[in-house]
There are 4 protein chains.
Amino acid sequence: MDRVRVSILGATGLVGQWMVKLLANHPFIEVVGLSASPGKVGRKYGEVVHWFIPGDVPEYARDITLVSTDPPDHKSADVVLSALPNDVAWPIESRLLSAGLNVISNASPERMNPRIPLINPEVNWEHLNILREVKGNWVVKNPNCTAAIISMPIKPIQDLIDSLHIVTLQSVSGAGYLGLSYLAIDGNVIPFIKGEEEKIEAELNKMLGKQFPEKFEPWGKPVYVTTTRVPVKYGHMAVIHAVLTKDVDTEYIINRLSRFRSLPQERELPTAPREPIKVINRVDAPQPARDLDPMAVSVGRVSVRDRVLRLVALGDNLVRGAAGITILTVETMKALGIL
Amino acid sequence: MDRVRVSILGATGLVGQWMVKLLANHPFIEVVGLSASPGKVGRKYGEVVHWFIPGDVPEYARDITLVSTDPPDHKSADVVLSALPNDVAWPIESRLLSAGLNVISNASPERMNPRIPLINPEVNWEHLNILREVKGNWVVKNPNCTAAIISMPIKPIQDLIDSLHIVTLQSVSGAGYLGLSYLAIDGNVIPFIKGEEEKIEAELNKMLGKQFPEKFEPWGKPVYVTTTRVPVKYGHMAVIHAVLTKDVDTEYIINRLSRFRSLPQERELPTAPREPIKVINRVDAPQPARDLDPMAVSVGRVSVRDRVLRLVALGDNLVRGAAGITILTVETMKALGIL
Amino acid sequence: MDRVRVSILGATGLVGQWMVKLLANHPFIEVVGLSASPGKVGRKYGEVVHWFIPGDVPEYARDITLVSTDPPDHKSADVVLSALPNDVAWPIESRLLSAGLNVISNASPERMNPRIPLINPEVNWEHLNILREVKGNWVVKNPNCTAAIISMPIKPIQDLIDSLHIVTLQSVSGAGYLGLSYLAIDGNVIPFIKGEEEKIEAELNKMLGKQFPEKFEPWGKPVYVTTTRVPVKYGHMAVIHAVLTKDVDTEYIINRLSRFRSLPQERELPTAPREPIKVINRVDAPQPARDLDPMAVSVGRVSVRDRVLRLVALGDNLVRGAAGITILTVETMKALGIL
Amino acid sequence: MDRVRVSILGATGLVGQWMVKLLANHPFIEVVGLSASPGKVGRKYGEVVHWFIPGDVPEYARDITLVSTDPPDHKSADVVLSALPNDVAWPIESRLLSAGLNVISNASPERMNPRIPLINPEVNWEHLNILREVKGNWVVKNPNCTAAIISMPIKPIQDLIDSLHIVTLQSVSGAGYLGLSYLAIDGNVIPFIKGEEEKIEAELNKMLGKQFPEKFEPWGKPVYVTTTRVPVKYGHMAVIHAVLTKDVDTEYIINRLSRFRSLPQERELPTAPREPIKVINRVDAPQPARDLDPMAVSVGRVSVRDRVLRLVALGDNLVRGAAGITILTVETMKALGIL
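Thresholds, definitions, all that
- Residues numbered from 1 in each chain as written.
- Chains lettered and ligands numbered in written order.
- Predicted model: local features only at pLDDT ≥ 70, side-chain atom pairs only at ≥ 80, totals over all residues.
- Heavy atoms only, no water.
- UniProt positions renumbered as here; feature names shortened; annotations may be inferred.
- Axes fitted to C-alpha atoms, helices over the stretch in contact; angles between N-to-C directions.
- Helix = DSSP H or I, 4+ residues; strand = E, 2+ residues; numbered from the N terminus.
- Parallel < 35°, antiparallel > 145°, perpendicular 65-115°, else oblique.
- Contact = heavy atoms within 4.5 Å.
- Nonpolar A, V, L, I, M, F, W, Y, C, P; charged D, E, K, R; others polar.
- Least-squares fit on C-alpha atoms with pLDDT ≥ 70 in both.
- Phe/Tyr/Trp six-rings, centres within 6.5 Å; stacked < 30°, edge-to-face > 60°.
- Buried < 20%, exposed > 50% of the residue type's maximum accessible area, 1.4 Å probe, protein only.
- Buried area = accessible area lost by both parts, 1.4 Å probe.
- Salt bridge = Lys/Arg side-chain N within 4 Å of Asp/Glu carboxyl O.
- Polar contact = N/O pair within 3.5 Å; in protein donor to acceptor, adjacent residues only side chain to side chain.
- Pairing = 2+ DSSP bridges.
- Domains from an automatic or database assignment.

- For chain A, the name recorded in an unreviewed UniProt entry is Aspartate-semialdehyde dehydrogenase, with Vulcanisaeta distributa as its organism.
- Quoted straight from UniProt, the Sequence similarities (unreviewed entry) entry for chain A says "Belongs to the aspartate-semialdehyde dehydrogenase family."

Structure representation (structure tokens):
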């Protein structure tokens, strides 16, 4: 199989580090460039990175010399993966686009642009098909980390849902390594995350809707979301109450969830989880400390009463919610022949 | 004003300690007995208690000799306050009743008994009126700690509500001092608390309904609750999504909540908060670490969209949710002339 | 008694907030000015401050209009109290000095200047006497928070000590409100605090030594310190192993510690703790969560074996270690007639 | 190589689970029995165990039927590995001994018995040689978890040391899964662990001393230890100040530590770490959250000043400190031909 050459923007941040880690020993994706902020350009990745995540800096990445975010520094990449912070991402990404490069990005700006596909591979890989009609280069966005996790268990039961009430309990790593001080969040809950509820509502509706070349048609169901930050390091949880359109029982829902498979599973893509939704029987699952899977969404407490379905979903905000979803998008696009 | 003499069952536990603390210097309630488990009977409270809570053991309580839970040990009390664990409470409480004593109890058994009033004073003090027709002695139950907190902001808008979706984030102290090990809950969320959801749904419906001498008529609205345990020491939070029966705006709801006053406020009872519901403007309120009030319920994030009201409520599970509510019930019954 | 007028530099920070709080209702110290960084000047304290600490912004301070750190803004103050960050403090403080103002400062620069007294009132108030010979205005420094706490139990047994081995377990608030991220310190210990060990060793030696107008003579005993940061919000703990010069028993040490009184106690200064050293009998004391006192140092685990004394000391790093010590220094200087 | 058949006592506890995990796919140790408390006997391990530790219950162990601790249930084992709680261990272990079985035990009773070797393989494997002279069966003890960790970096510099001052910061898992409640230890430090200081002092002295068939000759250097419990899940840290007998420099010490190898390394035993002592250069190492190694001891902050050496050691209390050391002892005894 042909290799795909990628470069990574924001390679020293929390999401960038996960991309570097997940691409060690990848069967067909090759890292040809790592870029970081101007002060670090020209130095070696292994010397500069403040490695926060488990394990060591992968061997292959240590001696890579950091480059800038300027287009000429990325011209050997088939696609540029962006793990840039939301507030600086778009000017850099659009400069790369103008220079003829392809971009897959985790950053929030332009996610709701009607011509840009917003992709969680298992949920809406079909939306990538519009790129077949695009001449030249393209940009693909990955969703907000929480929208990535929630969209997974909603997808297989989408047709049964009339409205959604969602309360999230999100981990501190979602705010970045320095995002929340110990004094602010330890032993505390902060029931507000700026901009998060709007993103989840809009992005769920886009991913579960239809994508056309020039526009998208949203799913159209009301989604009410309250987001909270809890003193947990890794893993976002969502408690979902879904008002259903017809009578079904708990067993029926569990079957649909646990049997769900999509293109990444059918093609056995390297980063795809074998079961995208892991329904756990234990009465007190899922828990971040016990049940967190890098790419699958863990689901527990499934029950239906009077046409209201309740379930609790848990996913890895840095892997399924960010670095892993980007890589799975590369793999999916390769499998579809778009990349 | 006449004094009310009380004795406390389970005086060395977490809730019992709060009762002892809150009754120090009370204007008209006098502690005439403290009881504990058999191994401690005959010893002094101050020597036996492993004081977990802020401050020191109140002066008055230190030299009180612990008694048993047998009725003769409580005959000088006008009312016995029970802070007994749920699994041992009822046999002891019913023995006291059979012996002609009055009991106000925090323990869960018999809360849904149709002849026993379940009282959160600001919410349903009127239910106490059935006791005027009771000959002889009586038992009054206080609600589950989370039901006590949630019922407060629901009461003033009860007539506007069609159904409720509630997700709770409950603190570790709700499980007792030794209830959860550090390894189990630190940096974790456990999305299940045994029996809690059923209690909240049933008790809310009883308190918001009507009480007759022989039965109660529940409120009758569907209440969907998911409870979770979070690594916070004190304070239970509830995220409430209420489906409304008609169009109202956010300002209207805030007004109803913040202007709510009930009998405990009108009679200026010593343990009553001046404002039972504190609506906090700060965008990220309420937080356990910053906004916890002993007897008032703190409310934030109030907003209405398409006939769905969202609010976040926070209350002190040990004071408003347990020890304080019991004492406020004594004060309310005294004010009503029932005690 | 005459009033002392003070202004506070860095009034919106963690230490500045504690100064503002501790000076509410002070019998003779009056706050005549609060200053903050340029962006906040001209606005009201109550509107600008992000109040981190328990309770509300004191009534008196809410409507004070913030001023700059320039000398003319402080000319009505008898003494300027500095809660400035270490890296910006000295240029500002020396400008105030040049302009003829008096300064008491918590910031670290110039603490080891041989002409500047470094004061923990109970430990070395006598060092203030050199100011009687100074013509004109002066600066006094308060010690590093950990040195403030450790110097207290060492003072009364100073003559018995040959060398000291100290290991500290310091709370996160010592690094400021935003000083340590949750991901960095939760569930972790960081056995290094930049510059801290050197400060503790040098400052202990200065405070326990002699102060002359032009120089000081250090105590001269070897002090070996290792500092660690632990996931605790408030309170610094130090485990002290002291090699003794002669045979004494545990009881003798406990007596010396618990009977220690100094000028602040003799003059009954408002901020002085009645007992500066609280020796706690409980076998597992002192604990930050149970035994933290604002101004006294809690001591436990005192024992002597083979001429090695072991004790554990715990103090409030923001009050005894910073804001409280500054105010107690003002009170002490007033009592001595220097201010 | 011949296989060694082992059975495990206390297989469902925290240490027992680690033994089960570490023995999955072991090249020559075979698990032939798992025993648990009477209520669990006869049921399958995989159904009964409440698996606390990372990963899943190993495949091989799931269907093993739990046996009792009675000798007949262990007669097929070449050696019985005991992960029993300290308070019940010895009667069971001595019953197995009387019945002619060999035992290697983590439990504390009889560790200081002069005829029983106390073994941390890299530190004092030579002590096992006395068993060559023993007719029949034997018992070997493993040290206290903290003594296991501390003895490692002391061993290679033992000859330079005059006395030791040690302060430990021990994780919560050292007290067992349910050992400490969240309310007791979160955000707190408890500067006392019952019996721990005595064990560390005595056991260090035994392991660093000489073992004869009938007695041991302790190392004989004074060791002063203060132990504390900190809110960390896994990993025990020790800050060590060693008074040296002669002048050496920091580099010299680092060389001795990092070059240390012992019999387990020379024989390349499967559970032996390649480098038993990992000296980490990073200024703020070692940290439990970043530097914990299962079998090696991580060391940082090495420095010598005036004949006082300071270093910070960190080890895994459940692996190097308990389950791993037992398995490494089996491997060492096999390599020595004793087993």
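1. A short note on the packing of helix α6 (residues 145–154) of chain A against helix α12 (residues 319–335) of chain A
Any two packed helices are characterised by how steeply their axes cross, that is the angle between the axes, and by the distance between the axes.
All names here are of chain A.
No. 1: Contact geometry of α6 with α12 gives a least axis separation of 8 Å together with a crossing angle of 95°. Taken together, the axis directions place α6 and α12 in an arrangement best described as roughly perpendicular. Within the contact between the two elements, α6 uses Cys145, Ala148, Ile149 and Met152 and α12 uses Arg320, Gly321 and Ile325.
No. 2: Classifying every residue of the contact of α6 with α12 by side-chain character gives 5 nonpolar, 1 polar and 1 charged.

2. Observations concerning the relation of the copies chain A and chain B
No. 1: With an axial shift of 0.0 Å and an RMSD of 0.0 Å, the rotation relating chain A to chain B amounts to 180°. Accordingly, the operation relating the two chain copies is best matched by a two-fold axis.
No. 2: Counting the interface residues of chain A, we find that 100% of their copies in chain B are interface residues as well, pointing to one common contact surface.

3. Notes on the packing of aromatic side chains
Residue and element names in this part refer to chain A.
No. 1: In total, this model carries 6 aromatic pairs over all chains according to the counting rule given.
No. 2: Judged by centre distance (3.6 Å) and plane angle (10°), the rings of Phe52 and Tyr177 are stacked. One end of the pair, Phe52, is in the loop between α2 (45–48) and α3 (59–62); the other, Tyr177, is in the loop between β6 (161–170) and α7 (182–185), and 125 residues separate them in sequence. One exposure class covers both Phe52 and Tyr177, and it is buried.

4. Quick word on the interface of chain D and chain A
No. 1: Listed per partner, the contact involves 4 residues of chain D and 4 residues of chain A.
No. 2: Interface area, chain D with chain A, both sides summed: about 400 Å², of which 33% is carbon and sulfur.
No. 3: Broken down residue by residue, the surface that chain D buries against chain A is led by D:His50, D:Asp186 and D:Arg290, which jointly contribute 56%.
No. 4: Linking chain D to chain A there are 0 salt bridges.
No. 5: Between chain D and chain A we count 0 residue pairs in polar contact (both at pLDDT 80 or more) in total.
No. 6: Looking at the side of chain D that touches chain A residue by residue, the class counts come to 1 nonpolar, 1 polar and 2 charged.

5. Looking at the interface of chain A and chain B
No. 1: Counting residues at the interface gives 38 residues for chain A and 38 residues for chain B.
No. 2: For the pair chain A and chain B, the summed buried area comes to about 3,200 Å², and 63% of that belongs to carbon and sulfur atoms.
No. 3: Our count for the contact surface shared by chain A and chain B stands at 6 salt bridges.
No. 4: One salt bridge in this structure joins A:Arg301 and B:Glu197, with 2.5 Å as the shortest N-O distance.
No. 5: At the junction of chain A and chain B, the tally comes to 24 residue pairs in polar contact (both at pLDDT 80 or more).
No. 6: The set of elements that each furnish at least two residues to the side of chain A that touches chain B consists of β6, α8 (196–207), β9 (223–229), β10 (236–244), α11 (288–291), β12 (297–305) and β13 (308–315) of chain A.

6. Here's the deal with the sheet that holds strand β4 (residues 103–105) of chain C
Residue and element names in this part refer to chain C.
No. 1: Taken together, the 5 strands give an open sheet; going across it, the order is β2-β1-β3-β4-β5, and neighbouring strands pair in parallel fashion. The open sheet is flanked by β2 (29–35) and β5 (139–141), the only strands paired with a single partner. For this sheet the average axis-to-axis angle between neighbouring strands, irrespective of direction, equals 25°.
No. 2: Sheet analysis places strand β1 (residues 4–9) next to strand β3 (residues 79–82), joined by 4 bridges and oriented parallel. Across the sheet, Val6 pairs through a bridge with Val79, a residue of β3.

7. Quick look at the domain arrangement of chain A
Residues and elements named next belong to chain A.
No. 1: Under the domain assignment used here, chain A contains domain 1 (4–144 + 322–335) and domain 2 (145–316).
No. 2: Measuring from the centre of the C-alpha atoms in domain 1 to the corresponding centre in domain 2 gives 24 Å.
No. 3: The interface of domain 1 with domain 2 comprises 34 residues on the first partner and 39 residues on the second.
No. 4: Seen at the junction of domain 1 and domain 2, the total is 2 salt bridges.
No. 5: Ionic pairing is found between Arg115 and Glu214, a salt bridge with its closest N-O pair at 3.0 Å.
No. 6: Inspection of the region where domain 1 meets domain 2 yields 20 residue pairs in polar contact (both at pLDDT 80 or more).
No. 7: Broken down by secondary-structure element, the contributors of at least two residues to the side of domain 1 that touches domain 2 are α5 (121–124) and α12.
No. 8: Residue contributions to the side of domain 1 that touches domain 2 peak at 7 residues, all from α12.
No. 9: When the residues that make up the side of domain 1 that touches domain 2 are grouped by side-chain class, the tally is 18 nonpolar, 11 polar and 5 charged.

8. Things to note about the UniProt feature "domain: Semialdehyde dehydrogenase NAD-binding" (unreviewed entry) in chain A
No. 1: When the UniProt feature table is mapped onto this chain, "domain: Semialdehyde dehydrogenase NAD-binding" (unreviewed entry) is found at residues 5–131 of chain A.
No. 2: Secondary structure content for residues 5–131 of chain A is 27% helix and 15% strand, while the C-alpha to C-alpha distance between its ends is 19 Å.

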